Every structure is written in C-alpha cells, then in structure tokens.
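# Examining the three-dimensional arrangement
Single-letter residue listing:
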Amino acid sequence: MVRAAIVGLGLWGQTLVRCVQGKSDELRFTAGYTRTPRKAEDFCRENSIRLAASFEEVLEDRELDAVVLATPNSQHAEQIMRASQHGKHVFVEKPFTLDGASARTAIEAAAAAGVVLAVGFNRRFHPSMRELRRRVKDGALGVVVSVLAELTATGGF
C-alpha cells in the first residue's frame, strides 16, 4: 500500500482523491496540504486525510511514501525537487514544469534520489469521459470506427 499526500486540494486535487480513496488496495491518501486549509477541512475529514500545516511537514512525514501534486504549474519544478530530496515518489499534474531547464533539473533530482516520477496527462476520470465510455459500452453511439478529439481551454491556466 502506497501512502500518499495530496498537495493542492482544489477541484482537481479533490477529484484525484475521490477517484482513488476507498477504491484501491494499492494507494491511499493519508495526508494533504493546501494553501487554503479552511476550504479543505470538511473534505479531508470526510476522506480520513490528515491536513498538514505545511508542505515541509508533508515532506518530513516518514509515514508517507509519495506526494501527488495538484498545485499551480509554477510550483511544480521546485516541489518535485524537494519531494525527491526527501525520498518521496512524485505524481505531478501537467504541465510538468514551465520550461526545459527546470524539467531536466526535476528529472535529475528524481533519478538521483531513486524515486518514481510520473506526470498525469489523462482525462479518463473526467465526467465527460466517463459519460462517453458509458455511451460507447451501451451501444448508444453505434459501432465506433474512428475518433477525432480536440481539447481547448480558456481561463487562468
């Protein structure tokens, strides 16, 4: 059982927890950290997640094997490097980092520490993808022979 901390408890961080918590025998979120703890207190209580007071507290917790980063893109490189230095495996949401140099440094830090570093770039848990999967399985779309997809987003990304 991998014991993980969710770092960033906004909409997507909570979605990641909901997709795993109580549904996997291989991963369990046991701790979390967010810059806005009041917004996440109820969620953490409902999911048996201990809310840490700082990212450093998460990194120093010897009971944690990994961190899942659902944080602002600008923080990824530094958080990956710090987590790696503390021997924590890292799953980070996209984008991985903001430039090639910081990406190489983050990869090197994980390699030097011997930890797994993975980037989340999937949509399989998104509500629209779940609905599409249901419709394909139910035959509501007929026989699917080809798919063309495009993702566009606007906003504060």
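Look up a bit, the structure's there.
Residues numbered from 1 in each chain as written. Predicted model: local features only at pLDDT ≥ 70, side-chain atom pairs only at ≥ 80, totals over all residues. Heavy atoms only, no water.

With that settled, consider the sheet that holds strand S3 (residues 50-51). Overall, parallel pairing links the six strands, which are arranged S3-S2-S1-S4-S5-S6 in an open sheet. What marks the edges here is a single partner per strand, and that holds for S3 and strand S6 (117-120). Both strand S2 (residues 27-33) and S3 contribute to a ladder of two bridges, which runs parallel. Bridged to alanine 31 within S3 is arginine 50. Packed on one face of the sheet, helix H1 (residues 11-20) meets strand S1 (2-7), S2, strand S4 (66-69) and strand S5 (89-93) and runs near 155 degrees to S2. (Pairing = 2+ DSSP bridges. Helix = DSSP H or I, 4+ residues; strand = E, 2+ residues; numbered from the N terminus. Contact = heavy atoms within 4.5 Å. Axes fitted to C-alpha atoms, helices over the stretch in contact; angles between N-to-C directions.)

This next bit is on the packing of helix H4 (residues 76-85) against helix H5 (residues 100-113). The geometry of H4 relative to H5 is characterised by a closest axis approach of 8 Å and an angle of 10 degrees between their N-to-C directions. Judged by the angle between their axes, H4 and H5 are roughly parallel. The residues of H5 that touch H4, namely those facing Ala77, Ile80, Met81 and Ser84, are Ser102, Thr105, Ala106, Ala109, Ala110 and Ala113. (Parallel < 35°, antiparallel > 145°, perpendicular 65-115°, else oblique.)

Right, let's talk about the layout of surface pockets for a bit. In this model, the second largest pocket occupies a volume close to 490 Å³. Lining the second largest pocket are 22 residues, with Val20, Leu27, Phe29, Val68 and Phe91 sitting closest to its centre. When the residues that make up the lining of the second largest pocket are grouped by side-chain class, the tally is 16 nonpolar, three polar and three charged. (1 Å grid on protein atoms, 1.4 Å probe; cavity = no way out; pocket = protein on both sides within 12 Å on 5 of 7 lines; lining within 4 Å. Points joined across faces, edges and corners; volume = space filled by probe spheres on them. Nonpolar A, V, L, I, M, F, W, Y, C, P; charged D, E, K, R; others polar.)

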